[in-house]
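# Remarks on the overall topology
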Amino acid sequence: NAGVTQTPKFQVLKTGQSMTLQCAQDMNHEYMSWYRQDPGMGLRLIHYSVGAGITDQGEVPNGYNVSRSTTEDFPLRLLSAAPSQTSVYFCASSWGGRGNTIYFGEGSWLTVV
Amino acid sequence: KNEVEQSPQNLTAQEGEFITINCSYSVGISALHWLQQHPGGGIVSLFMLSSGKKKHGRLIATINIQEKHSSLHITASHPRDSAVYICAVLSPGNYGQNFVFGPGTRLSVLP
């Protein structure tokens, strides 16, 4: 059982380039989300989805785009990378509801130069 | 003021010691999660609490809703417990993943 799979694990981008971080889960979870983790700060929510075709913004959505065409996949797109987007990105999924375990991907380390 | 605070920020212990990590939050919540992040970066869920106390092996988590406080205890600590421990809260009526995370407590257990 793969759980939550994120790719790539490491990426270096030049300012202005675009890229997509991939996230897939094989647990048929309703809820998927993207977080970024910066030194000295807690994880912050970028975008989330409560089901296929439904997405919404989190705390720090600017510069990022998401879509959810299938239950399994929730890609995060950086439209025009900026050095401020250098961070570690985590995808997560769960059944939703307050009592359910949340599963995280292994993280994607992104550096924008 | 951060909505979720943790203490201490960093903790170094000797193998075998009893460890306590604290989490305080300023908002009403429906659930609180404790997460563990290992040096390689992966994050795993340890506990979900909405009241009382839970125990898994050497780990114990408690929550006091009235005082807006939770603790994570590790008994007989071991070097493999070295990790960052993160507290995350879910506000009432929020059934998604709109968690608010604490900054984490970095634990090092020395042999």
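This text follows the structure it describes.
Model, not experiment: these values are computed from the prediction.

Reading guide: rules and limits
- All residue numbers refer to positions counted from 1 along the written sequence of the respective chain.
- Following the order in which they are written, the chains are lettered starting with A and the ligands numbered starting with 1.
- Reporting of local features is limited, given that this is a predicted model, to residues whose pLDDT is at least 70; pairs of side-chain atoms are given and counted only at 80 or more, and all residues count toward the totals for whole chains, interfaces and linings.
- Think of the side-chain values as coming from all heavy atoms in the structure, minus any hydrogens and water.
- A contact between two residues is defined here by any heavy atoms of the two lying within 4.5 Å.
- When two parts are put together, the accessible area they lose, computed with a 1.4 Å probe and summed over both, is reported as buried area.
- Basic side-chain nitrogens of Lys or Arg form a salt bridge, by our definition, when they fall within 4 Å of a carboxyl oxygen of Asp or Glu.
- Between N or O atoms, a polar contact is any pair within 3.5 Å; within protein, one atom must be a potential hydrogen donor and the other a potential acceptor, and residues adjacent in sequence are included only when both atoms are from side chains.
- By definition, any uninterrupted DSSP run of H or I lasting at least four residues is a helix, any uninterrupted run of E lasting at least two residues is a strand, and each is numbered from the N terminus.
- When residues are sorted by character, Ala, Val, Leu, Ile, Met, Phe, Trp, Tyr, Cys and Pro go into the nonpolar class, Asp, Glu, Lys and Arg into the charged class, and all the rest, Gly among them, into the polar class.
- If DSSP finds at least two bridges between two strands, the strands pair.
- Fitted lines through C-alpha atoms serve as axes, helices being fitted only where they are in contact, and the angles separating the N-to-C directions of these axes extend from 0 to 180 degrees.
- Only a pair of cysteine sulfur atoms within 2.5 Å counts as a disulfide in this structure description.
- Think of it in three bands: with a 1.4 Å probe and only protein chains considered, a residue is buried below 20% of the maximum accessible area for its type, exposed above 50%, and partly exposed in between.

### Some remarks on the interface of chain B and chain A
Taken together, the contacts link 22 residues of chain B with 26 residues of chain A. Roughly 1800 Å² of surface becomes buried between chain B and chain A when both sides are summed, with 58% attributable to carbon and sulfur atoms. Inspection of the chain B/chain A interface yields 0 salt bridges. The interface formed by chain B and chain A holds 1 residue pair in polar contact (both at pLDDT 80 or more) in total. Listing elements by their share of the side of chain B that touches chain A, those giving two or more residues are strand 4 (31-37), strand 5 (43-49), strand 9 (83-90) and strand 10 (99-101) of chain B. The greatest single-element share of the side of chain B that touches chain A, amounting to 4 residues, is contributed by strand 4 of chain B. Per-class residue counts for the side of chain B that touches chain A are 10 nonpolar, 12 polar and no charged.

### What about the sheet that holds strand 7 (residues 59-64) of chain B?
All names here are of chain B. With antiparallel pairing, the 5 strands of this open sheet are ordered in space as 1-3-8-7-6. A single partner strand is all that each edge strand has here, and the edge strands are strand 1 (4-7) and strand 6 (52-56). Taken pair by pair, the neighbouring strands of this sheet meet at an average axis angle of 15°, ignoring direction. The sheet contact formed by strand 6 and strand 7 spans 5 bridges and is antiparallel. Residue pairing across strands places Lys-53 opposite Thr-62, the latter belonging to strand 7.

### A word on the state of the cysteines
Under the counting rule described, the total for this entry stands at 2 disulfides over all chains. Note that Cys23(A) is cross-linked by a disulfide to Cys91(A), the S-S spacing being 1.8 Å. In this structure, the disulfide formed by Cys23(A) and Cys91(A) twists by about -70° around the S-S bond and is classed as left-handed. Of the two residues, Cys23(A) sits in strand 3 (residues 19-25) while Cys91(A) sits in strand 9 (residues 87-94), which places them 68 residues apart along the sequence. Accessibility expressed as a relative area gives 2% for Cys23(A), which makes it buried. Covalently, Cys23(B) is tied to Cys87(B) through a disulfide, its sulfur atoms 2.0 Å apart. Across the S-S bond of Cys23(B) and Cys87(B) the torsion is about -60°, and the bridge reads as left-handed. Here the residue Cys23(B) occupies a position in strand 3 (residues 19-25), and Cys87(B) occupies one in strand 9, the gap between them amounting to 64 residues. Across the pair, Cys87(B) and Cys23(B) agree in class, each one buried.

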